[in-house]
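Chain by chain, the residues:
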Amino acid sequence: MTDLNQLETDLLKQVEAASDEPALEALRVAALGKKGFVSELLKTLGAMSPEERKEKGPLINGLRDKVQGALGAKKDALAEAALEARLSAERLDVTLPVQDGPEIRGRIHPISQVIDEITAIFADMGFHVAEGPDIETDYLNFTALNFPEGHPAREMHDTFFLAPDEKGERKVLRTHTSPVQIRTMKTQAPPIRVVIPGRTYRHDSDQTHTPMFHQVEGLVIDETANIAHMKWVLEEFCKAFFEVDQVKMRFRPSFFPFTEPSAEVDIQCSRKGGEIRFGEGTDWLEILGCGMVHPNVLRNCGLDPDKVQGFAWGMGIDRIAMLKYGMPDLRPFFEADVRWLNHYGFRPLDIPSLVGGLSS
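Just so it is clear, the structure is predicted and the values come from calculations on it, not from any experiment. (Residues numbered from 1 in each chain as written. Predicted model: local features only at pLDDT ≥ 70, side-chain atom pairs only at ≥ 80, totals over all residues. Heavy atoms only, no water.)

Novice: Could you give me a rundown of the packing of aromatic side chains, with the residues and numbers involved?
Specialist: Each aromatic ring pair is described using two quantities: the centre-to-centre distance and the angle formed by the ring planes. Scanning all chains against the criterion turns up 15 aromatic pairs. Each ring, one from Phe 127 and one from Trp 313, has its centre 5.8 Å from the other, and the planes form 80°; the classification is edge-to-face. Within this pair, whereas Phe 127 is found in the loop between helix H6 (110-124) and strand E1 (128-129), its partner Trp 313 is found in strand E10 (residues 309-316), the two being separated by 186 residues in sequence. Each of the two residues, Phe 127 as well as Trp 313, counts as buried. A centroid spacing of 5.3 Å and a plane angle of 50° characterise the contact between Phe 333 and Trp 340, whose relative ring orientation is tilted. Neither Phe 333 nor Trp 340 differs from the other in exposure class; each is buried. Ring-pair connections join several aromatic residues into one group, and the members of that group are Phe 122, Phe 127, Phe 237, Phe 241, Phe 242, Phe 278, Phe 311 and Trp 313. One residue, Lys 324, lies across the ring of Phe 241, its end atom 4.5 Å from the ring centre. (Phe/Tyr/Trp six-rings, centres within 6.5 Å; stacked < 30°, edge-to-face > 60°. Helix = DSSP H or I, 4+ residues; strand = E, 2+ residues; numbered from the N terminus. Buried < 20%, exposed > 50% of the residue type's maximum accessible area, 1.4 Å probe, protein only. Lys NZ or Arg CZ within 6 Å of the ring centre and 35° of its normal.)

This is the structure we're talking about:
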């Protein structure tokens, strides 16, 4: 009797002193497990006489019930204390301002924004977006576009050439997006109206040039396309992109191997106060190059220049982004500086559209 009372007292004290659930579980196993103190006492009942079993059975079972009850109560107390500690640690001050989510904090890179703007403008004119690989064959990058042998663009100091393959052919990092025009004309029958944004690569690096940059080109091929159509398309694009009511453009004769006739296009602007503003002023700024697709290019694509004709143009996406949004240096475009992106970037949910605004 005295031993049972002492065992009960000791076990209840140990239960009360348990500091966490693992310690409490270890005590339960030591007391009520298959080889625990109380379990061993219960096993002795089978060897007792009926009189002894009648006397000690209730005491041993009572000890077991008290220990089980104490263990359960302590487990509940520990769980409640853990919950209180967690709630205290995770307490929030609901009077604080709501933090912006990633859809608010994030920013769209100006290049991605301008590509979306360009796509929205030309899609409204009925153009589709065409894409092609960054690594091109010499034929598609130069030969099919009427670049003669020995042209400076084919030299190593202007173009990134890859090592020759097993056939001895050297591929290149495309120097313009024009190879996509060739791919399009070879796979699609006229009429063709595509706009081609993408990355291009050349040996050049300074405040307004980088080894990798972005271009956008447009191509129209049908039976009646002419310079008047091209002029209208470019004027409408410039008005929509720079968000002005009127633009004055100047077409100067130029030369490109893949167009004939070719022209450089200037747009009227004002440079007062060091700020470029379009649609006003008396200055001029070169904006793009264009021309009628050369007959040799059409023939290289399997098209008959006596039946179809077309026009094409190209401009630097980085350059027009700098002009529109007042960025003085091209190099930060590629430096991954979050501070720069927070300043010049765009909210991710502000999708450019001609209805809602391009740069809203």
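Now that the structure has been shown, we can carry on.
Novice: Hey, could you go over the pairing of strand E9 (residues 283-293) for me, with residue numbers and the actual values?
Specialist: Counting buried positions along E9 yields eight of 11 residues, so the element is predominantly enclosed. The pairing of strand E7 (residues 259-270) with E9 spans nine bridges and is antiparallel. Across the sheet, residue Ile 267 finds its bridge partner in E9, namely Leu 285. Note: E9 against E10, four bridges, orientation antiparallel. Residue Gly 289 lies in a different strand from E10, and its bridge partner there is Gly 314. (Pairing = 2+ DSSP bridges.)

Novice: Please provide a residue-by-residue account of the packing of helix H9 (residues 227-242) against helix H11 (residues 317-325), values included.
Specialist: Closest axis-to-axis distance for the H9/H11 pair is 11 Å, and the angle between their directions is 50°. Regarding the angle of H9 to H11, the classification is oblique. Residues Phe 237, Phe 241 and Phe 242 of H9 lie in contact with H11, whose contacting residues are Ile 320, Leu 323 and Lys 324. (Axes fitted to C-alpha atoms, helices over the stretch in contact; angles between N-to-C directions. Parallel < 35°, antiparallel > 145°, perpendicular 65-115°, else oblique. Contact = heavy atoms within 4.5 Å.)

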